[in-house]
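Reading the structure
Now for the letters of each chain:
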Amino acid sequence: MSNNLNILLDGKKVSGHKNETILKLANRHGIEIPTLCNDPRLEPYSSCYVCVVEVEGMKNLQPACSTLLTEGMVLSTNNEKVRKARKAALDLLLSNHYADCLGPCVQTCPAGVDVQGYISMIEKGKYRDAVAIIKETNPLPAICGRVCVRPCEVACRRNLLDEGAAVGIDYLKRFAADRDLESPDKYKPEQKPETGKKVAVIGAGPAGLSAAFFLRKEGHAADIFEAAPKAGGWLRYGIPEYRLPNDLLQKEVDNITEMGVNIYYNQRLGDNLSYKDLKDKYDAVILGIGSQKGTRVGCDGDDAGNVLSGTDFLKQMELTGKKMDFKGKTVAVVGGGNTAMDCCRTSLRCGAEKVYVIYRRTEKEMPANPIEIHESKLEGVEYMFLTNPLRINKDENGNLKSVTCVCMELGEPDASGRRRPVPLEGSDFDIELDYMLAAIGQKTEVNFIDDINTHAENGQLVVNKWGDIDADKHTLQTGIPSVFAAGDGVTGPATLIEAIAQARIASHSCDLFLQGEAVRPMKKEFISKKENFKEQHKEDYLGKFVTQKRHEMPTLPADARNNFEEVELGYENEEVAITESHRCLECGCVEFFSCDLKDLSSEYNAEQKRYEGEFKQFEVDFRHPYIEFDNNKCILCSRCIRICSEVVGANALGLINRGFDTYVAPSMELPLQETTCESCGLCISTCPTGAIIENTKFKPGPVKTEAVETICNFCSIGCTIQLNHRSGFVMRVTGANGLVNKDGNLCRYPKFGYNFMNDHSRLKQPLFKVNGKFEPISFEQAYDLIAEKIKAVKPEENYFFAGARLSNEEMYLVQKLARAGAQTNNVSSFHYFGRGSGYRNNSLANVPLDQLEGASRFILLGSEINTDHAVAGFMIQNISFRKGTPVEVVTVLDHSSMEYKVNDVMKIKSYYHFL
Ligand code: SF4
Ligand code: SF4
Ligand code: SF4
Ligand code: FES
């Protein structure tokens, strides 16, 4: 090509070629123009309009993928007008994209834990990988697997199916995390090199521990200062051991200290620890102080003896190591949250004769985890719903004697959306009590604030109207730029997973601050949601999935719970976990990590609801054994149709209908496998979204994978392929831009024929039969044994057979081993034994494929090229499509598989006519 066009590209003078598109010119000069409907393997089509650029002198923006250069063109590829038009194009595509990028479980989890990803790893027995995925966002999986309130399970789509129970998401997490904790090769997160920056973290509760974990991953030093004598915060001093054993908690704390985190105990900020020292020694501070100060019942007489705050009751027992003696006593717990549950169940374990929970609304409004409520009832707790303490009555010593309660009814909804309880006049009644525990809320203690503000030089720490630390809600930076805050101390009492989520945000902001960058919120990715179009109902799912009942968690029998032994025992074995993992419906998109539509929508801040209105819904087509169609995700770019026609020549796909009613379907709307489809999967390779994907037998995640490049050995073409695997489990095979398949095309054999690599029974190391039983040995031992056997006989008594799947180079080595090593000419190949038509299959062995481009005619002699050597067939087909080069087949077959796509077929009786 001659460089004869002068172009001004984003203000730079460059040379363009005749017949070159703007897109190609920009690519040559390192300027990236987004595309969706473009594939370099195909002729331009220009349907998506995300590649538009401004051409001076032209009224409308032009698609870069199909607009050819002309002399003197002045191009702007990324100005505001262009970006606005691209966003509008994306908004339009998204307005009819009825699909979920992420499952509702992930979207609902405050920390965004990749549930679908780790469930996919559990399905494969890869617990270390499952934990690695969880720990990208949650450093405490074994703890969370026990005590998380599980918003993910509430949102889980399995709830919509007839068995009506969520996937055991949290129990699966616990199973994987417990396995990993016991493993000698437990997961250790990768840590960046030391930055030399130091952060002081206040509090070794979930927020502080998590913040230290995320900071260490970034290479910053993290020292935690904890007021209590041990780590864990609320996890240790609030949650009883029958739910979260201390030794288990300690193991996850140890995992964090093993990353180089130091914890200094009995250090209370504003007391024996001053902000002044921290400011001198550290570059930043993260406050993870929790919110643990109990509140009083809030009625007359609540200062009576034996009326305790629930949090103090739980904490004191852990601090002193002594359990309260409630033997034979009657205890009432006031409140309906998880602390109330911990108090009532702990009271029973302290020997109480009778335990009541007094709650002013009904069970339906209780914020406590339903499992906790269920277990507490099993253990004998009695509930007094729609009841409120009116007055606490004291004995002569000022101690609790009884409580006067009033019955309530539910009125209009309040600000929280829950119906407000209203007292029923004249319904008062008394209950005799020995102890009362108030579990109706906690407050944040910020008595260190003066110490901080006295020594802070720029800015002040402020407390909001609820008494919690005031921090920017997107960055969690406080009024002092080097001080960040996370967890209950900011939100007021919330959940463990919310504290972890906040710690990730605060440490991300702190990391930016330490690097001297502007502190900005974490980048939000675009996420397509089905709920943006309509609520999901049972009818959308019923009948589409196999019914499978949830495996319930085995627990201690109720009569064996008079102690602090862990009640939930964990899944019985691996089989149970794997079976439960199969209940996941894989709601999120398999292309999450590679979808061009999602990536561009994130980059251009596209909105799904900008053009709200009519949208299309399709059933996913799973009928083809390898290829799955989801028209809901299709953007009608036609790449699949074009690759099937221009490269494969199969013409198995087409567009049905016109305008808004258009969709992609196999020809004649037949099942794809009943069309001329060659099952090559090139449609999958070109689809820029998740509309055409591989129909796998395993759960494909999606998970991030690593790629190993190798050469396909299914035929003699020698295509370069990539095995995309996660810890050895091959998740998909893709074409790499190899010496032969320069455009990355692959045929069906490598594309779909890889499952044998994941077979557990596959031989991965040599076995040696000892006393009639095979035992594994090393490769070195195997080589020695073979060498011994070869040497033990005369050279001519050895015979070497090379396998049919070996490459030429490997065959060469086999003959070298025979001739030079074992001194024998007894060497041959199995090649013809199994494959019969060796002559035909080898006919391409010496054809330089690059020369095909210049051919004036193709004659395929006895070659069903799209089955024998499909990638060479794709090259021929594409040349024929572009240049009209005729293709003819000479065959002995009655029906050649090529008949419908070549110019002529000559049927002959025998190939000997040509020899
Ligand atoms: S195709 Fe892309 S945008 Fe659509 S759901 Fe999948 S990942 Fe999200
Ligand atoms: S079915 Fe699976 S992907 Fe869907 S919400 Fe439940 S756990 Fe998440
Ligand atoms: S299914 Fe075909 S037309 Fe639809 S987005 Fe994928 S490649 Fe484009
Ligand atoms: S119009 Fe150019 S990539 Fe779609």
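Placed above this text is the structure.
In this convention, every chain numbers its residues from 1, walking through the sequence in written order. Think of it this way: whatever chain is written first is A, whatever ligand is written first is 1, and the rest follow in order. The predicted origin of the model limits local features to residues at a pLDDT of at least 70 and limits the giving and counting of side-chain atom pairs to 80 or more, whereas totals for whole chains, interfaces and linings rest on all residues. Heavy atoms from the whole structure form the basis of all side-chain values; hydrogens and water molecules are not counted.

On to the sheet that holds strand β6 (residues 198-202), then. Strand order in the open sheet formed by five strands is β8-β7-β6-β9-β21, with parallel pairing between adjacent strands. The open sheet has two edge strands with one neighbour each: β8 (262-264) and β21 (483-485). On average, each strand axis in the sheet is tilted by 20° relative to the strand beside it, whichever way the strands run. One bridge is not enough; two strands pair if DSSP finds at least two bridges between them. Counting from the N terminus, the helices are the DSSP runs of H or I reaching at least four residues and the strands are the DSSP runs of E reaching at least two. Pairing geometry for β6 and strand β7 (residues 221-225), over five bridges, is parallel. Among the inter-strand pairings, I202 is bridged to a residue of β7, identified as F225. In this fold helix α18 (residues 496-514) packs onto β6, β9 (284-287) and β21, with an angle of close to 170° to the strand it touches most, β9. Here an axis means a line fitted to C-alpha atoms, over the contact stretch when the element is a helix, while the angle between two N-to-C directions is reported on a 0 to 180 degree scale. Throughout, a residue-residue contact means that at least one pair of heavy atoms, one from each residue, lies within 4.5 Å.

Taken together, 13 residues lie around ligand 3, and C634, C637, S638, C640 and C687 are the ones closest in. When its residues are assigned to classes, the shell around ligand 3 shows ten nonpolar, two polar and one charged. It suffices for a single heavy atom of a residue to lie within 4 Å of a molecule or strand for the residue to be listed as near it. Note that Gly is not counted as nonpolar here; it falls among the polar residues with everything else outside the nonpolar set of Ala, Val, Leu, Ile, Met, Phe, Trp, Tyr, Cys and Pro and the charged set of Asp, Glu, Lys and Arg.

Moving on to the packing of helix α8 (residues 169-182) against helix α19 (residues 574-581). One can describe the packing of α8 onto α19 by two numbers: an axis separation of 10 Å at closest approach and a directional angle of 140°. By the angle between their directions, the pair α8 and α19 is classed as oblique. The crossing of α8 and α19 is left-handed. Taken together, the residues of α19 that come into contact with α8 (itself represented by L172, F175 and R179) are E574, A577, E580 and S581. Roughly parallel refers to an angle under 35 degrees, roughly antiparallel to one over 145, roughly perpendicular to one between 65 and 115, and oblique to any angle outside these ranges. In this scheme the crossing of two helices becomes right-handed for a clockwise turn of the near helix relative to the far one and left-handed for an anticlockwise turn of less than a right angle.

Here the focus is the nonpolar core. Within soluble globular proteins, side chains that are nonpolar generally end up buried alongside one another. Nonpolar cores are built from buried Ala, Val, Leu, Ile, Met, Phe, Trp, Tyr and Cys residues. Side-chain atoms within 4.5 Å join them into one set. Each residue is placed in one exposure class: buried if its accessible area under a 1.4 Å probe, protein chains only, is under 20% of its type's maximum, exposed if it is over 50%, and partly exposed if it falls in between. Among the nonpolar cores identified, the biggest contains 157 residues, and Y118, I143, L235, L278, L287 and F874 are the most heavily contacted of them. Examining the composition of this core, we find that nine residues originate from one element, α18, more than from any other. One finds V333, A352, V357 and M366 within the second-largest nonpolar core, a separate group that totals 27 residues.

Around ligand 1 sit H97, A99, D100, C101, C589, F592, C595, K598, K633, T689 and G690, and those are all the residues in its vicinity. Looking at the shell around ligand 1 residue by residue, the class counts come to five nonpolar, three polar and three charged.

Another aspect to go through is helix α25 (residues 808-821). Turn by turn, an α-helix covers 3.6 residues, leaving residues three or four places apart pointing in a common direction. For a helix, the expected span equals 1.5 Å multiplied by the number of residues minus one. For α25, built from 14 residues, the straight-helix expectation of 20 Å at 1.5 Å per residue is met to within 8% by its first-to-last C-alpha distance of 19 Å. Note on α25: the residue one or two positions beyond its end, Q823, has a positive phi of about 60°.

Time to look at the pairing of strand β13 (residues 354-358). Within β13, four of the five residues are buried, which leaves it mostly tucked inside the rest of the structure. Bridge count between strand β12 (residues 330-334) and β13: five bridges; the pairing is parallel. Considered in β13, the bridge of V334 is made with I358. Assessed by its sense of winding, the connection that carries the chain from β12 through helix α14 (residues 338-349) to β13 is right-handed. Here three bridges tie β13 to strand β14 (residues 382-384), and the two strands are oriented parallel to one another. From the neighbouring strand, V357 faces β14, where its bridge partner is Y383. Orient the strands so they point away from the viewer, and a crossover whose first-strand-to-second-strand path over the helix runs clockwise is right-handed.

A side-chain nitrogen of Lys or Arg and a carboxyl oxygen of Asp or Glu constitute a salt bridge if their distance falls within 4 Å. Scanning the entire structure with this criterion turns up 57 salt bridges. Ionic pairing is found between E382 and K354, a salt bridge with its closest N-O pair at 2.6 Å. One end of the pair, E382, is in strand β14; the other, K354, is in strand β13, and 28 residues separate them in sequence. E382 sits in the partly exposed class, given a relative accessible area of 34%.

Spatially, the five strands line up as an open sheet ordered β11-β19-β12-β13-β14, and their pairing is parallel. Pairing within the sheet leaves two strands with one partner each, and these edge strands are β11 (307-309) and β14. Ignoring which end each strand starts from, the neighbouring axes of this sheet average 25° apart. Pairing geometry for β11 and strand β19 (residues 435-438), over three bridges, is parallel. Paired with V307 across the two strands is M436, which belongs to β19. Against the sheet, helix α13 (residues 310-320) makes contact with β11 and β19, and its axis sits at roughly 75° relative to β11, the strand it touches most.

Bringing helix α4 (residues 115-123) into the picture now. Of all nine residues in α4, nine are buried, a share of seventy percent or more. Looking at the residues trailing α4, positive phi occurs at G125, about 70°.

The peptide bond linking G701 to P702 adopts the cis configuration, its omega dihedral lying at 10°. Tracing the chain through its elements places P702 in the loop between β25 (692-694) and β26 (706-711). The phi torsion at S46 lies on the positive side, around 55°, for a residue other than glycine. Counting through the fold element by element, S46 comes out in the loop between α1 (22-28) and β3 (52-55). If you check the backbone angles, S727 has positive phi at about 50° while not being a glycine. Within the secondary structure, S727 is located in the loop between β27 (720-726) and β28 (729-735).

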